[in-house]
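Residue strings, one per chain:
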Amino acid sequence: MKLLSGSLNDDCIILPLWQKGEHTPDFKDKNFDLRAVQASKDFKADEGEVLFVYPEKGAKRLLLLGMGKKEEMTPERYRRAYATATKAANSKKIKTLTLMDYNKAIAEGIALANYAFDTYKTEKRSLIEAVSLLKATPKNLAEFARVFTVFEGVYAARNMVNLNADDMTPAHLAAFAEKLSGPHIKVHVHDKIWLKKKGLNLLLAVSKGSVVDPALIVIEYRGDAKSKENTMVVGKGVTYDTGGLNLKTEMGDMKCDMAGAAAALGLIVAAKGVALKKNITVIIPTTENAISGASYKQGDVYTSYLGKTVEIDNTDAEGRLILADALAWGNKEYKPTRIIDMATLTGGVVVAFAEEVTGLMSNDEALAGKIQTASARTFERVWPLPLYDEFKDLLKSDIADIKNCGSKGASSIKGGIFLKEFVGDTPWAHLDIAGTAYLDGEKRYLPKGATGVGVRLLMDFLENE
Ligand SMILES: [Zn+2]
């Protein structure tokens, strides 16, 4: 989105109006004559209320935006109000929005709502292309520019997830990653032969039924050469999940099973865009989980990269298998100071939290606490689930060191318990984004389909920890 400097004669000026009492707007704005609106009593300035008015002089349109009561305002309410205004402007095919009020949440609200996935549509929907700032300070401008740059990462993640599974295979993810390489960014794409040589057998097992090759994608982002800190971000990249031989009965959304990988790539887009002074190592194990005569089978045992043997008691619990190898290899190779993985891992997290909250599991309270703080700031909400040792009994196998799925119940926690076995003592947090990464329907400022969840959360975490 472009940033322009605005004037009172612009195409569409958003005029935020607060309430001075119950459903009573404070019409004291000096720039515009709002007496007719006031007399009509059509506008109450309730939170998120919008009304277009067409003044005789000056601006072509005023978009009156109800803000509710000032003393009740929070960043999230700013986001929602300005997202509503943005959608109203999009419905009128307005291309430039002019603002009179500035804060980070306002920029976020506009950016969150100003998205449409139209790659496969003949007629594209209209979106805001520029934001004009009226009487803004250089600090306001810089803040808006930074937010919009971070959103390039959010949109990239959304687009990758929304594309056809055949248009976003492991090779496509690798190609996207390779384009990110630059002065402080090295990208490695490890192929099937490398995976065999290194012994990432769980990733290889999951890939057996597919006609496309798996890969392990690595991005070394080094924004702070002086620091020894290195955050490893691992994203699940199952580009289509049929469930394998334990075939799913419903798989209409299963192209979204690489949303963790998309968020990790989006994070690097954002970090690169704002030249974030942090070190990040992204690791993406990627494959399809398809079916064929070559598919890996329920009941078989495979030896992981770490050496632990795993009994496959459900081929649809493939995410934790590919993540286990990626976590163990990355931990050994890069010795990160902390690890965060993002994965559309379990239906259980949707049972617990619907599409509202990401499940957070961790072996380190301090790390989990920092992620929760970032969650509160960004409103990408997370909630902790416990990884008590007793849950490990659910994954006991008679013929291997561990099962990948195990006995009934606690499905999200079992995912976390399984992954914990592969990170050693390194502080680690697992984000189960199965509910929040892909929505059944549009809600608030989030679109139907991919949300890009995780990009803003981890950017905020890295910027502020
Ligand atoms: Zn699965």
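Residues numbered from 1 in each chain as written. Predicted model: local features only at pLDDT ≥ 70, side-chain atom pairs only at ≥ 80, totals over all residues. Heavy atoms only, no water.

1. What to know about the pairing of strand 6 (residues 61-66)
For strand 6, a buried count of six out of six residues is recorded, marking the element as mostly surrounded by other parts of the structure. Burial along strand 6 is two-sided: R61, L63 and L65 facing one way and L62, L64 and G66 facing the other are all buried. As paired strands, strand 2 (residues 12-17) and strand 6 are joined by six bridges and run parallel to one another. Each residue of the ladder has a partner; that of I13, found in strand 6, is L62. (Buried < 20%, exposed > 50% of the residue type's maximum accessible area, 1.4 Å probe, protein only. Helix = DSSP H or I, 4+ residues; strand = E, 2+ residues; numbered from the N terminus. Pairing = 2+ DSSP bridges.)

2. Some points on the coordination of the zinc ion
Geometrically, a metal with four donors at the corners of a regular tetrahedron has ideal angles of 109.5 degrees, and one with six donors at the corners of a regular octahedron has ideal angles of 90 or 180 degrees. Distances from the zinc ion to its protein donors, D241 (OD), D316 (O), D316 (OD) and E318 (OE), fall at 2.0 to 2.3 Å. Coordination at the zinc ion is irregular, judged from the four donor atoms that bind it and the angles of 71 to 172° they form at the metal. Read N to C, the donor residues that coordinate the zinc ion are spaced as D-x74-D-x1-E. Residue D241 is found in strand 12 (residues 237-241), and its partner E318 is found in the loop between strand 15 (309-311) and helix 9 (319-334); the two are separated by 77 residues along the sequence. Using a relative accessible area of 0% as the deciding quantity, one classes E318 as buried. (Donors = N, O, S within 2.8 Å, 3.2 Å for Na, K, Ca; no water. Tetrahedral: all angles 85-135°; square planar, octahedral: opposite > 155°, others 65-115°.)

3. Some thoughts on the pattern of salt bridges
Applying the stated criterion across every chain yields a total of 33 salt bridges. The salt bridge partner of R456 is E108, with a shortest N-O separation of 3.8 Å. In this pair, R456 is assigned in helix 13 (residues 455-464) and E108 in helix 3 (residues 104-113), connecting sequence segments 348 residues apart. Overall, the relative accessible area of 6% leaves R456 in the buried class. Residue classification places E108 among the buried residues on the basis of a relative accessible area of 8%. Residue D460 is joined to R377 by a salt bridge in which the shortest nitrogen-to-oxygen separation is 2.8 Å. Of this pair, D460 sits in helix 13 while R377 sits in helix 11 (residues 365-378), and the two are 83 residues apart along the sequence. On the basis of relative accessibility, which here comes to 4%, the residue D460 falls in the buried class. By sharing partners, the salt bridges in this structure join E76, R79, R80, E108, E380 and R456 into a single network. (Salt bridge = Lys/Arg side-chain N within 4 Å of Asp/Glu carboxyl O.)

4. Let's talk about the packing of aromatic side chains
Tallied over the entire structure, the rule returns ten aromatic pairs. Centroid distance Y102 to F144: 5.9 Å. Interplanar angle 80°. Geometry classified as edge-to-face. Taken as a pair, Y102 in the loop between strand 7 (96-99) and helix 3 and F144 in helix 4 (residues 138-162) lie far apart in primary sequence, 42 residues in all. F144 matches Y102 in its accessibility class, with the two residues each being buried. A centroid spacing of 6.0 Å and a plane angle of 10° characterise the contact between Y388 and F391, whose relative ring orientation is stacked. By the ring-pair criterion, three or more aromatic residues cluster together here, those being Y102, F144 and F148. (Phe/Tyr/Trp six-rings, centres within 6.5 Å; stacked < 30°, edge-to-face > 60°.)

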